[in-house]
Amino acid sequence: MNRGADSLLMDNFERFGVTADWQKVLPGMVYVDLQESKSRKEIFNAYNNGASVIFTTQNISNPELPVIKVNNVYETMLIMLNKHFHNPQDKVKLVAISGSNDKDIVLDLLHKILSKEGKEQSINEKNDFNSYFNSLHNMTIEDMYEHLNKMVATGEHFMPLIVDYKLKYFKFINNFMFDCALITGVNNFDIGDQNYVLDSIRGFVSQIPDNKPIIFNNDDDMVLKALKGSKSNIVITYGLNKKAAVTATSIDVNQQTTFNYCLQRGFTTNSGNTIEPFEIPISMNILGSSSIYNALAVITCALYYDVGIDHIKAILSSYVAPSRRFEISDIEGLTVLDNYCSSIGELDKTLEGIQLLNYNRLRLVLAVSRNATEQSIEDLIKLIGQWSSILGLNEVILCGCLDINDSIIPLSINDVRMLKKALSSYAQIKYFDKLQDVVENIAVNINEGEMLILAGGEEMNNGKSMLVSQIRQEKMKQQFH
């Protein structure tokens, strides 16, 4: 980019908005062409909508179009956003959360602990975060900057940010100024290209200054591999092994999760204070073995930022996880574990957490389709094979959920047959196209002491409520006979 002329142009257009979506262009706005294809349709549409300047890597010969050719549109987009929003990254500390496991829970917990310690948030602030939290998977880089700008306006000092190569804004991550990083773990089932994932972690970690911490799960071999040979940041490890700087002792999982947070090696906080080794009891209302790892990471990060331990404990003890995060309910004597699983790795973590629970019989209802490309048939077969004998899995019900979302691409008949044949040696296998058919089948076949797992993405969000309704209908039928 020509730094002289183009810098002047950016100064002139600083007051206008900037977007990479031609449909959002209003008269006077700047449009940055981030399209992967060579189609020029979006450029002309942006111009017709009133774009005053268009940045692109394409050669445009039409003299009527206000086009500036650049070598890197991603760098240009960040420059324009920083110009328009007056460098919000300079005013908020960005905390990167990466890995395969429970990033959304860690983000939610960190937000609650780091946000204006001891001060109640307004309804607008809560709504802003809820909107951010629920939109992460669809957020563009301009959406991210708008949220950053809101945080600056409300006086927030920290912004936990998920770093995931599957997210839309990920291509900009290596240009972000992170203040700290948490890496929760990398699940082998979640990665199609191991080297790409490892390089992605190394990429954003390389942007963290040497005097800032990387807090990571050293029970995870993939994380250790990703960080091997990295530069000498401050490193704080957590895990359930003796070598971890932070670990958990006296673990008890019953109606709630309790353990002792144990800092085995002291560290220096963000303000320069030294925290010496100590041990303190922690209780949470969320279950699952991963909740202990999440708490270890979050507590350590909060301590680094000089948050008081009493405040941390209070948030953890009163924390209510987002819906469908290892949610356990008793429905007419049936124990139902409802957990959001949009990938095979998340299903793996769900089944891992079952080991801590008591039941006489175990059934798994799993949403399957061709939409979830990561959840390959081969990986699913392998995963069920690994856990079936460990958990005593009695039945697997596969569901296409075609009645819930008409955009779902169902498995082919051959795929269903292959799954049934491969899994039949591990448990009884059933397949239904519709979720309503699944809940009807379960409602008439409830066994005493049984646990039912509902696992799937958004298509399973209403699965538990549908099951409750169907079981009650069956109870009423039985009363009248």
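Residues numbered from 1 in each chain as written. Predicted model: local features only at pLDDT ≥ 70, side-chain atom pairs only at ≥ 80, totals over all residues. Heavy atoms only, no water.

### Examining the sheet that holds strand β2 (residues 30-32)
Line of reasoning, step 1. The sheet built from four strands is open, its strands ordered β1-β2-β3-β4 with parallel pairing. Looking at strand neighbours, the two that pair on one side only are β1 (18-19) and β4 (67-69), the edges of this open sheet.
Line of reasoning, step 2. The pairing of β2 with strand β3 (residues 53-56) spans three bridges and is classified as parallel. Within β3, the position partnered with Tyr31 by the bridge is Ile54. (Pairing = 2+ DSSP bridges. Helix = DSSP H or I, 4+ residues; strand = E, 2+ residues; numbered from the N terminus.)

### So, the layout of surface pockets
Line of reasoning, step 1. Of the pockets and cavities examined, the second largest pocket occupies roughly 370 Å³.
Line of reasoning, step 2. As for the second largest pocket, its lining consists of 17 residues, and the residues nearest its centre are Ala20, Leu34, Thr140, Lys168 and Phe172.
Line of reasoning, step 3. Residue classes in the lining of the second largest pocket are distributed as nine nonpolar, two polar and six charged. (1 Å grid on protein atoms, 1.4 Å probe; cavity = no way out; pocket = protein on both sides within 12 Å on 5 of 7 lines; lining within 4 Å. Points joined across faces, edges and corners; volume = space filled by probe spheres on them. Nonpolar A, V, L, I, M, F, W, Y, C, P; charged D, E, K, R; others polar.)

### Description of the sheet that holds strand β20 (residues 450-456)
Line of reasoning, step 1. In space, the six strands of this open sheet follow the order β15-β16-β20-β17-β18-β19, with mixed pairing throughout. Of all strands in the sheet, those with a lone pairing partner are β15 (327-331) and β19 (428-432), marking the two edges. Recorded for the sheet is a direction-independent mean angle of 20° between the axes of neighbouring strands.
Line of reasoning, step 2. Bridge count for strand β16 (residues 334-340) against β20 is six bridges, and the pairing is parallel. Along β20, the bridge assignment pairs Leu337 with Ile453. (Axes fitted to C-alpha atoms, helices over the stretch in contact; angles between N-to-C directions.)

### Structural notes on the environment of Met177
Line of reasoning, step 1. Of note, Met177 is situated in the loop between β6 (158-163) and β7 (178-183).
Line of reasoning, step 2. Between the C-alpha atom of Met177 and that of Gln207, which follows or precedes it by 30 residues, the distance is 6.7 Å.
Line of reasoning, step 3. Among residues more than four places away in sequence, those in contact with Met177 are Gln89, Asp90 and Leu94. (Contact = heavy atoms within 4.5 Å.)

### Digging into the side chain of Lys464
Line of reasoning, step 1. Following the sequence through the fold, Lys464 ends up in helix α15 (residues 463-479).
Line of reasoning, step 2. Engagement of the side chain of Lys464 in a polar contact is seen with the side chain of Glu327, the distance being 2.9 Å.
Line of reasoning, step 3. When sequence neighbours within four positions are dropped, the list of residues in contact with Lys464 reads Glu327, Ser329, Ile331, Val336, Asp338 and Leu454. (Polar contact = N/O pair within 3.5 Å; in protein donor to acceptor, adjacent residues only side chain to side chain.)

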